[in-house]
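Overview (structure and organization)
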Amino acid sequence: MAYAEPIPQSFAGLREEPSRTCAVTGLRVYAGAQALTVANAVAAVLSLAVGGLFGLSLGLTRAPGLELLGPDAYYAALTGHGVSALILWPIFFEVAAMVFASSVLLNAQVFSMRLGWSAFGLMTAGAVLLEGAILSGEASVTFTAYPPLVATPWFYVGYLVFAVGALLAIVNFALSIVAARASRATSGSLPLLTYGVAVAAILALISIVSGLVALVPALAYSQGWIGAVEPIVYRGWFWGLGHTLQYVNVVAMVVAWYGIAALALRAGPVNQKFTRIGFILYLVFTVPVLGHHFLVDPSLSTEVKLVGGTMFGFALGVPSLMHGLAVIGGVEAQLRRLGPATLFGWLRRIDWGNPGVAALTCSLLLFALGGWSGTAQTTLPLNMVSHNTMWIPAHLHGVVVGGTTLAFMGFSYFLVPLLVRRALWSTRLATIQAYLYGAGLFWMIMAMSWAGTLGVPRRTAEIGYGGEAPGGWDLPMNLVGAGAGIAGLAGFLFILNIVLTLLRGERTDDPERLAPSGAA
Amino acid sequence: MASVESPVTPPPPGWARRLPRDERLFLWAVAASVLFMSVFVVAWLAFGGQNVPTTTDRVAPAAFQQQVQSFIAEYRGDDGRVHVPPGEDAYMIAARYAFYPELVLKAGEPYQIWISSVDALHGFSIVGGGQNINLEIAPEHAYGATFTPDRPGVYLVVCNEYCGLGHHTMKGRIVVER
């Protein structure tokens, strides 16, 4: 790493930055792109560390046998968990992916490093404001912040500053692609990963705009500039942010799946067209499915709920099904190239001790579990039974944590070493971490589903109700706490491994050390 | 990374050709199952009888509060609970941090219960009794749900939408008598 210093520049054509050729992928890596990607990835990992700590404290509070935090601290931690783990961690990681996919994957420089660092600076400032507001105890409104609940203005300002930073990052991403094509660094169709990240970026744009429409009036109301915000209207715009953002996460997760399959198993998509159709379907179906958040709301007609929530909800499962099978199919095709194999014989060519294989396997399985439970709950009749019970966090931890977070972790085990040219601090620990995290989450999700079936409310500090609560709530909620403990430990191991890789990983350009093969 | 298809390099020429037969078949099968589930869920709603039927109305919080007060004044019993005669509409207010009044219903009789909020978003959740019922309650909107309680007992109602620092204390009761 002879060029760790970022070189400021305002236009890609102005100055040619130093670059190197990646030993594993053969791609050209420019110094600025590398520094910006690493910076966003580090911010992402720090956000995950904070969000994970908050999450662990929630799990240990919801366990009636422990009740770690009092109600006030619980609601503050609940807000911090949602903001850090559901907003900051994935968006920082996705911006890292955007920088990477629009520069390194296109053999090009970032369009504007100044714009890139401005975006990063704003997002970091927004994140700090948000965390500060939450820790002050003046923003215990959960990450949804439904009026008339009001938080300190710094909370809304933090959200808005972060959103503007993310918008700038999206602009830089789009301009980088345009510049790369104009300079003929790349030609023809976009590589699949860049294509997927572009779909995620468009969804992120929709999400952020909807978020601004929700949060600007909320800020005005909190300051008394306007008299009222109708909660149910705010709720609609907020989920335009919250829901669409989850599909940014899903699309980015799919990109990470293909990335892990390529780096760990040298596998590609079976059919580029099939895969791209899958990405386009996310664009088509994501926004209408907003309706599934409002299936038992009093403001929409049953017809709208059935079409927008339920039917589009089924349709939105299709691209995930396509990608899940296409990733596995690509791996199978690649392993069959190594020699003839029986129907399932190719599975024996997989090195299950490879961290990429471990993370990809657990991510696919947990996403399938969470996706199944989400599809079930998107039906109007079942939603009336499950709405805002523990079924909902069971579903979303399956897709967002088991699916997205675990896929991002697995991708980081390859992306970080390749970018900083240091071998992973411990490959074995990485593998153990992925399986342990997957197991802890599976445990927690099953316990949450059980509790949800019994009607235990989500987002609630205590569930005793002065002795009136139905019997049988305590056991599953204690099991939720145990699962959160296991997942929390595994989350810590991830952070530890990445930090030690950045600081003490062995410097190397050996492809097998930077991206260990998962084919036995 | 020199595999035939790579996700990190531009796709080879001709990538946009027609999908092979097996992939087309797969997509048609998936589309058919989406259609089947869509039809099934409507049929289930119409003929399955799983859910309580609901209707909604717009109402200003102050007007709703007034309606509930006169309802309470009319049917309030000595035990402080509101004994709803069969056939009459019942009302319940969600306000930080309680559902009130406590309703007393007769088992086997259908009741239309109107619920609305006078402040924040709340979740109306009847727990226990083998089947949960959950509705999102918002100010300016009234939910009318038709219940036919079948088993006598005291049913706990809890709020399951975060509504403020006292959210976990927010509860109400529906008593079903023979």
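Every value quoted in this text rests on a predicted model; they were computed, and no experiment measured them. (Residues numbered from 1 in each chain as written. Chains lettered and ligands numbered in written order. Predicted model: local features only at pLDDT ≥ 70, side-chain atom pairs only at ≥ 80, totals over all residues.)

1. Section: the overall build of chain A
This is how the line gets drawn: Under the scheme used here, helices are H or I runs from DSSP no shorter than 4 residues and strands are E runs no shorter than 2 residues, and both carry numbers assigned from the N terminus. With the radius of gyration taken over C-alpha atoms, the globule rule is written as 2.2 Å times the number of residues to the power 0.38. Each residue is classified by how many other C-beta atoms fall within 10 Å of its C-beta atom, where C-beta atoms are placed from the backbone; a count of 20 or more means buried, 12 or fewer means exposed, and values in between mean partly exposed. The contact criterion used is a C-beta to C-beta distance within 7 Å, with each C-beta placed from the backbone.
Along the backbone of chain A there are 14 helices and two strands. A compact globule built from 520 residues would reach a C-alpha radius of gyration of about 24 Å, and chain A, at 22 Å, matches this within 12%. Structurally, chain A occupies a C-alpha span of about 65 × 60 × 45 Å along its principal axes. Residue burial in chain A is summarised as follows: out of 520 residues, 63% are buried. If you take every contact in chain A between residues at least 6 apart in sequence, the share linking residues at least 24 apart comes to 84%.

2. Points about the nonpolar core
As a rule of thumb, nonpolar side chains are buried together in soluble globular proteins. Residue and element names in this part refer to chain A. This is how it is decided: A set of buried residues qualifies as a nonpolar core if it consists of Ala, Val, Leu, Ile, Met, Phe, Trp, Tyr and Cys joined through C-beta atoms within 7 Å.
If you look at the biggest cluster of nonpolar residues, it comprises 241 residues, and the most contacted ones within it are Val251 and Ala261. Of the residues forming this core, the biggest block, 24 residues, is contributed by helix 6 (residues 231-265). Ignoring anything within four residues of it in the chain, the contact list for Val251 reads Gly196, Val199, Ala200, Leu203, Phe279 and Tyr282.

3. What to know about the environment of Ala138 of chain B
Residue and element names in this part refer to chain B. Position of Ala138 relative to the elements: it lies in the loop between strand 8 (133-137) and strand 9 (141-147). On the basis of neighbour counts, which here come to 25 C-beta atoms within 10 Å, the residue Ala138 falls in the buried class. Placed 44 residues apart in sequence, Ala138 and Ala94 show a C-alpha to C-alpha distance of 8.9 Å.

4. Here we look at the interface of chain A and chain B
Our working definition: Here the term charged refers only to Asp, Glu, Lys and Arg, the term nonpolar to Ala, Val, Leu, Ile, Met, Phe, Trp, Tyr, Cys and Pro, and the term polar to all other amino acids, Gly among them.
Contacts between the two partners involve 64 residues from chain A and, on the opposite side, 55 residues from chain B. For the side of chain A that touches chain B, the elements supplying multiple residues, two or more each, are helix 2 (71-102), helix 5 (192-222), helix 6, helix 7 (272-286), helix 8 (302-337) and helix 10 (380-386) of chain A. Examining the composition of the side of chain A that touches chain B, we find that eight residues originate from one element, helix 8 of chain A, more than from any other. The residue makeup of the side of chain A that touches chain B, split by class, is 35 nonpolar, 19 polar and ten charged.

5. Comments concerning the pairing of strand 7 (residues 122-127) of chain B
Residues and elements named next belong to chain B. To keep it simple, the criterion reads: Two strands pair if DSSP finds at least two bridges between them.
Of all six residues in strand 7, six are buried; the element is thus mostly enclosed. The side-chain alternation of strand 7 yields two buried faces, one formed by His122, Phe124 and Ile126 and the other by Gly123, Ser125 and Val127. Note that strand 7 and strand 8 share five bridges and pair antiparallel. By the bridge assignment, His122 is partnered in strand 8 with Ile137. As paired strands, strand 7 and strand 10 (residues 153-158) are joined by three bridges and run antiparallel to one another. Counted as the bridge partner of Ile126 is Val157 from strand 10.

6. Observations regarding the confidence of the model for chain A
Residue and element names in this part refer to chain A. For the record, the criterion: As a per-residue measure, pLDDT tells how confident the predictor is, with possible values from 0 to 100.
In the predicted model, chain A carries a mean pLDDT of 94, and the fraction of residues at 70 or more is 97%. Element-level pLDDT for chain A is lowest in helix 10, with a mean of 90, against a maximum mean of 98 in helix 3 (residues 113-135). For the stretch residues 1-13, pLDDT sits under 50, and the model shows 25 contacts to residues farther than four places along the chain or on other chains.

7. A look at helix 6 of chain A
Each full turn of the α-helix corresponds to 3.6 residues, which orients residues three or four apart in the same direction. Just so we agree on the cut-off: For a helix, the expected span equals 1.5 Å multiplied by the residue count minus one.
End to end, helix 6 of chain A covers 49 Å across 35 residues, agreeing with the expected 51 Å (1.5 Å per residue, within 8%). Just downstream of helix 6 of chain A, Arg266 of chain A is the residue with a positive phi angle, here 55 degrees.

8. Notes on the environment of Ala95 of chain B
Mapped onto the elements of the fold, Ala95 of chain B is located in strand 3 (residues 90-95). Taking the number of C-beta atoms within 10 Å as the measure of exposure, Ala95 of chain B has 18 and is therefore partly exposed.

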